[in-house]
Amino acid sequence: MTIKRFNTEVQRLRDLKRKTLLNSLWLCVSVSLCYIFVLCSCIPAQTPPQLAFTPGAPAVITDELFTNSAFSVRYPTGWRVVTGAADAPPSVTFVAADDVSTITLTAADPGEPERDPAFRVETRQLSLEGRRIYVVARVPVQDWPRFQPTFERLLASVKPAS
């Protein structure tokens, strides 16, 4: 009788383990399916507008020459070229190797520049075939005497786009 009772207990424990394992497996599958449904709802039905092709004004950048639809300019060797936004009027900013001094050319009025006593801001207006181009230099005050010839050479190189 004790053997029969023992076998019954063993069988009951095996059934309990099997049920627990099946319940755990079912819980894992259910949770996984919920995650899949939640993640699927995150995928947009259409391509968001910011990922669509956004053509900008054409620009050509070579070793020392920048050309866009409004102007062409020779920039100093070793300077970084930062083009303007695609939806803005043609513009470019040249950044010196010191990452502080900049020269910006734009077809739009730049407005009143931010004043900082540590920087000299020089603004010039050029007329190219009836189109106004604004040139803004921003350089630390102590560097202006060394920077001015570079600025003047850049100004002299500005030509209308061909």
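Further up the page is the structure itself.
Keep in mind it's a predicted model, so treat the numbers as computed, not measured.

Some thoughts on the pairing of strand β3 (residues 71–74)
For strand β2 (residues 65–68) and β3, the ladder comprises 3 bridges, and the chain directions are antiparallel. Across the sheet, residue T67 finds its bridge partner in β3, namely S72. The hairpin turn running from β2 into β3, its antiparallel successor, is 2 residues long. As defined by bridge partners, β3 adjoins strand β9 (residues 159–160) across 2 bridges and the pair is classed as antiparallel. Note on β9: the bridge partner recorded for S72 is K159.

Overview of the pairing of strand β7 (residues 119–128)
Where β7 meets strand β8 (residues 131–140), 10 bridges bridge the pair, whose relative direction is antiparallel. Bridge pairing links Q125 to Y134 in β8. Between the antiparallel neighbours β7 and β8 lie 2 residues, among them E129 with a positive phi of about 50°.

Description of the sheet that holds β3
Strands sit in the order β1-β2-β3-β9 across an open sheet of 4 strands; the sheet is antiparallel. Bordering the open sheet on either side are β1 (59–61) and β9, each of which pairs with just one other strand. Bridge count between β1 and β2: 3 bridges; the pairing is antiparallel. Bridge pairing in β2 places I61 opposite F66.

A few points about the side chain of T150
Turning to its location among the elements, T150 is positioned in helix α2 (residues 144–157). Apart from the residues within four sequence positions on either side, T150 is in contact with P76 and W79.

Here we look at the nonpolar core
Formed by 22 residues in total, the largest nonpolar core has its most connected members in F71, V73, F94, I103, L105, F147 and F151. Broken down by secondary-structure element, the contributors of at least two residues to this core are β3, β5 (91–95), β6 (102–106), β8 and α2. Element by element, the count of residues in this core is highest for α2, at 5 residues. Among residues more than four places away in sequence, those in contact with I103 are W79, V92, T93, F94, V135, V136, A137, F147, F151 and L154.

So, how was this worked out
Per chain, residue numbering runs from 1 following the sequence as it is written. Given that this is a predicted model, residues contribute local features only at a pLDDT of at least 70 and side-chain atom pairs are listed and counted only at 80 or more, while totals for whole chains, interfaces and linings are drawn from all residues. Side-chain calculation: all heavy atoms of the structure are included, whereas hydrogens and water are not. Following DSSP output, two strands are said to pair if at least two bridges run between them. Numbering goes from the N terminus for both helices and strands, where a helix is a DSSP run of H or I of at least four residues and a strand is a run of E of at least two. Only heavy atoms enter the contact rule, under which two residues are in contact if any of them lie within 4.5 Å. What makes a nonpolar core is a set of buried Ala, Val, Leu, Ile, Met, Phe, Trp, Tyr and Cys residues whose side-chain atoms join them at distances within 4.5 Å. Throughout this description, buried means an accessible area under 20% of the type-specific maximum (1.4 Å probe, protein chains only), exposed means over 50%, and partly exposed covers the range between.

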